[in-house]
Amino acid sequence: MKIIIFGLGNFGMSLALSLTETGNEVIGVDYKMEKVNLIKDKISHSICLDSTNEQAYQALPIKQTDIAVIAIGENEGAAIITTAIIKKLTTAKVISRSLSPIHDTVLQAMGIDFIVHPEQEAADKLTDKLNLKNMVDNFKIDRRYSISEVKTPTAFIGKTILDINFRTNYNLNIVTILRKKEKTNLIGVSTTQLEVIGIPTGDTMIETDDVLVVFGLNENISKIGNMN
């Protein structure tokens, strides 16, 4: 996909690099040349311009863009003006970072496709990790349900999913299991990575250092997240 990211602060730059690594054509835009220069050799294109100036958009392939991300985090007014210009110039999907409840209200009134709150989302994830000692990562579906990565409790090691009777005893579903694998790259350096084993069955044996990807009620995930 062709994606334009407006605002190359910590959030915008991290997003640009991650999207580039996953095969997207990313154009980064910022009004500060030092930020543009910092990322210019790492993504498809980086451009220095004032995104609050509608005339400046002539330098961008805005009409051919699939997704426009407004990641501006220092100036709420600039973020809102940029969003308004993009909505006027393109039918691309628009994703906008919100900096305040009022900003949320404005973006909702503009009909923005997706609103993100990176600081709040990062804080929520860290809270989950701190509260649950075995939590690796967590994705909330809504206020009650989550998909979570949980380190395997000692009591589960060496047992099959059928032995544990996971759904009955814990009211959770195991979506998959992440398992450590040794990999050697092209220059011969070995690293350990977590790999998805696929869809587990009742006969799947749980091993030491496995990470269980589970779905269910947050309160039930908390119970196994705090097991030894």
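These numbers were taken from a predicted model, which means no experiment stands behind them.

Cut-offs applied
- Residues numbered from 1 in each chain as written.
- Predicted model: local features only at pLDDT ≥ 70, side-chain atom pairs only at ≥ 80, totals over all residues.
- Heavy atoms only, no water.
- Pairing = 2+ DSSP bridges.
- Helix = DSSP H or I, 4+ residues; strand = E, 2+ residues; numbered from the N terminus.
- Axes fitted to C-alpha atoms, helices over the stretch in contact; angles between N-to-C directions.
- Contact = heavy atoms within 4.5 Å.
- Parallel < 35°, antiparallel > 145°, perpendicular 65-115°, else oblique.
- Nonpolar A, V, L, I, M, F, W, Y, C, P; charged D, E, K, R; others polar.
- Phe/Tyr/Trp six-rings, centres within 6.5 Å; stacked < 30°, edge-to-face > 60°.
- Buried < 20%, exposed > 50% of the residue type's maximum accessible area, 1.4 Å probe, protein only.
- Right-handed = clockwise from strand over helix to strand, strands pointing away.
- Arc of directions from axis to C-beta.

### Quick notes on the sheet that holds strand β4 (residues 67–70)
In spatial order, the strands read β3-β2-β1-β4-β5-β6; together these six strands make up an open sheet with parallel pairing. Each edge of the open sheet is held by one strand with a lone partner, namely β3 (45–48) and β6 (114–116). The sheet shows a mean angle of 15 degrees between the axes of neighbouring strands, taken without regard to direction. In this structure, strand β2 (residues 25–30) lies alongside β3, joined through four bridges in parallel fashion. Bridging across to β3, G28 finds its partner in S46. Helix α1 (residues 10–21) contacts β1 (2–6), β2, β4, β5 (93–97) and β6 of the sheet and is inclined by roughly 165 degrees relative to β1.

### A look at the packing of helix α3 (residues 76–89) against helix α4 (residues 101–110)
One way to put it is that α3 packs onto α4 with a least axis distance of 11 Å and a crossing angle of 5 degrees. As far as their axial angle goes, α4 and α3 are roughly parallel. Between α3 and α4, the contacting residues are E76, A79, I80, T83, A84 and K87 on the first element and H103, V106, L107 and M110 on the second. Its residues assigned to classes, the contact of α3 with α4 comprises six nonpolar, two polar and two charged.

### A word on the environment of D209
Here D209 is to be found in the loop between β10 (190–196) and β11 (211–217). Distance in space between the C-alpha atoms of D209 and I157 is 8.8 Å, their sequence separation being 52 residues. Leaving out residues up to four positions away in the same chain, D209 has contacts with L178 and K180.

### Description of the packing of aromatic side chains
Across all of its chains, the model carries five aromatic pairs by this definition. Here F156 and Y170 contribute two aromatic rings whose centre-to-centre distance is 5.5 Å and whose plane-to-plane angle is 70 degrees, an arrangement assigned as edge-to-face. Of this pair, F156 sits in the loop between β8 (145–151) and α6 (161–164) while Y170 sits in helix α7 (residues 166–170), placing them 14 residues apart in sequence. Between F166 and Y170, the ring centres sit 5.4 Å apart and the planes meet at 40 degrees, which makes this aromatic pair tilted. One end of the pair, F166, and the other, Y170, are both in helix α7, four residues apart, so they sit about a helical turn from each other. Relative accessible area serves as the criterion here: at 3%, F166 is assigned to the buried category. A residue is classified by how much of its surface remains accessible, and Y170, at 22% relative accessible area, is partly exposed. What links up through ring pairs into an aromatic cluster is the set F156, F166 and Y170.

### Quick word on the pairing of β1
Most of β1 sits inside the fold, with five of its five residues counted as buried. Going residue by residue along β1, you find K2, I4 and F6 tucked away on one face and I3 and I5 tucked away on the opposite face as well. Note: β1 against β2, five bridges, orientation parallel. Paired with I3 across the bridge in β2 is V26. Regarding the hand of the β-α-β motif, the stretch spanning β1, α1 and β2 is right-handed. The sheet contact formed by β1 and β4 spans four bridges and is parallel. Across the sheet, F6 pairs through a bridge with I70, a residue of β4.

### Describing α4
Among the residues of α4, H103, D104 and L107 are the ones counted as buried. One face of α4 carries all of its buried residues, which in axial projection span an arc of 105 degrees. Summarising the geometry of α4, the exposed residues directed more than 90 degrees from the buried face are P101, I102, Q108 and A109. Check the buried side of α4 and you find it contacts α3, β5 and β6. With its phi angle positive at about 75 degrees, G111 sits one or two positions after the end of α4.

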